[in-house]
Amino acid sequence: MKILIVEDNEALAQTTGWIVEMFGHDYRFSHTADSALAAAAEYKPHVIIMDIGLPGMNGYDLCRLMRAQPHLSETVFIAQTGRAEPEHRQMAEDAGFHHHLVKPVNIEKLQATLDDIAQNVAA
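Rules used throughout
- Per chain, residue numbering runs from 1 following the sequence as it is written.
- Residue-level local features of this predicted model are given only where pLDDT is at least 70; pairs of side-chain atoms are given and counted only at 80 or more, and the full residue set underlies all totals for whole chains, interfaces and linings.
- In computing side-chain values, all of the structure's heavy atoms are included and hydrogens and water are not.
- Here a strand pair is declared whenever DSSP counts at least two bridges between the two strands.
- Counting from the N terminus, the helices are the DSSP runs of H or I reaching at least four residues and the strands are the DSSP runs of E reaching at least two.
- To get an axis, fit a line to the C-alpha atoms, keeping to the stretch in contact for a helix; angles then go from 0 to 180 degrees between the N-to-C directions.
- Any two residues whose heavy atoms approach within 4.5 Å are treated as being in contact.
- The pocket and cavity definitions rest on a 1 Å grid over protein atoms only: a 1.4 Å probe that fits but cannot leave marks a cavity, an open set with protein on both sides within 12 Å along at least five of seven lines marks a pocket, and residues lining either have an atom within 4 Å of a point.
- Grid points are joined across faces, edges and corners, and a volume is the space filled by probe spheres set on the points.
- Following the grouping adopted for this structure description, the nonpolar residues are Ala, Val, Leu, Ile, Met, Phe, Trp, Tyr, Cys and Pro, the charged ones are Asp, Glu, Lys and Arg, and the polar ones are all others, Gly among them.
- Only the six-membered ring of Trp is used, alongside the rings of Phe and Tyr, when aromatic pairs are assigned; centres must lie within 6.5 Å, and planes under 30 degrees apart are stacked while those over 60 apart are edge-to-face, with the rest tilted.
- Burial classes: relative accessible area under 20% of the type maximum marks a residue as buried, over 50% as exposed, and values in between as partly exposed (1.4 Å probe, protein chains only).
- Our definition puts a charge over a ring when NZ of Lys or CZ of Arg is within 6 Å of the ring centre and also within 35 degrees of the ring normal.
- In this description, one arc is meant: the one made by directions from the helix axis to the C-beta atoms.
- Polar contacts here mean pairs of N or O atoms no more than 3.5 Å apart (in protein, one a potential hydrogen donor and the other a potential acceptor; neighbouring residues in sequence count only if both atoms are side-chain atoms).

Caption draft 1: Expanded view of the sheet that holds strand β4 (residues 76–81). If you trace the 5 strands from one edge of the open sheet to the other, you get β2-β1-β3-β4-β5, paired in parallel fashion. Strands with a single pairing partner mark the edges of an open sheet, and in this sheet they are β2 (26–30) and β5 (99–102). Along the sheet, successive strands turn relative to each other by an average axial angle of 20°, direction set aside. Along the sheet, helix α1 (residues 10–22) makes contact with β1 (2–6), β2, β3 (47–50) and β4, crossing β2 at roughly 170°.

Caption draft 2: Seen up close, the layout of surface pockets. Approximately 170 Å³ is the volume attributed to the largest pocket. K44, P45, H46, H71, E74, T75, V76, H99, I117, N120 and V121 together form the lining of the largest pocket. The biggest single contributor to the lining of the largest pocket is helix α5 (residues 107–122), with 3 residues. Across the lining of the largest pocket, the residue classes tally to 4 nonpolar, 5 polar and 2 charged.

Caption draft 3: Quick peek at the packing of aromatic side chains. For the structure on display, the rule yields 1 aromatic pair. Seen in terms of ring centroids, Y27 and F29 are 6.2 Å apart; in terms of plane orientation they differ by 15°. Their pairing is stacked. The class for Y27 is buried, based on a relative accessible area of 17%. For F29, a relative accessible area of 30% gives the class partly exposed. Directly above the ring of Y43 sits K2, whose terminal nitrogen or CZ lies 5.3 Å from the centroid.

Caption draft 4: Spotlight on helix α2 (residues 33–43). Taken residue by residue, α2 has A33, A36, A39, A40 and Y43 as its buried positions. Burial along α2 is one-sided: seen end-on, the buried residues are contained in an arc of 125°. Facing away from the buried surface of α2 by more than 90 degrees, the exposed residues are D34 and E42. Just downstream of α2 lies K44, where phi reads positive at about 50°.

Caption draft 5: Local environment of the side chain of T75. Structurally, T75 is set in the loop between α3 (59–67) and β4. Given the relative accessible area of 4%, T75 is considered buried. Among the polar contacts listed, one links the side chain of T75 to the backbone oxygen of P45, at a separation of 2.9 Å. Leaving out residues up to four positions away in the same chain, T75 has contacts with P45, H46, V47, I48 and H98.

Caption draft 6: How the structure looks around α3. Within α3, burial applies to G59, Y60, L62, C63 and M66. Looking straight down α3, one finds its buried side chains confined to an arc of 165°; they lie on one side. Packing partners of the buried residues in α3 comprise β1, α2, β3, β4 and α4 (86–95). Between the side-chain oxygen at the start of α3 and the backbone nitrogen of Y60 there is a gap of 2.9 Å, and the oxygen is on N58.

As structure tokens, this is what we get:
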């Protein structure tokens, strides 16, 4: 799958990229909302893994904006955040995220989530 990682922490973005590459996926990353919008339009990812605490525009608002884009109508959105409280999970769901993973993300959970998504993409 093609995966766009939206994360302002450059080291974490790169590490996440290496992990999804290890699982057999292609990836790109963006560190800002503007670059993520441009990358998504060009790359047309199957999955977007997005931090919530982005500078300028938070991940909730960016997810809403991206979900409104026709070229992202089939894209699966994963929140990757340090916010684990039930109200944050609900806010992520309300914003349009399909999955909510808490940092530090458990690698096995990430792999299982991506494997489930890949089965639907291949179908």
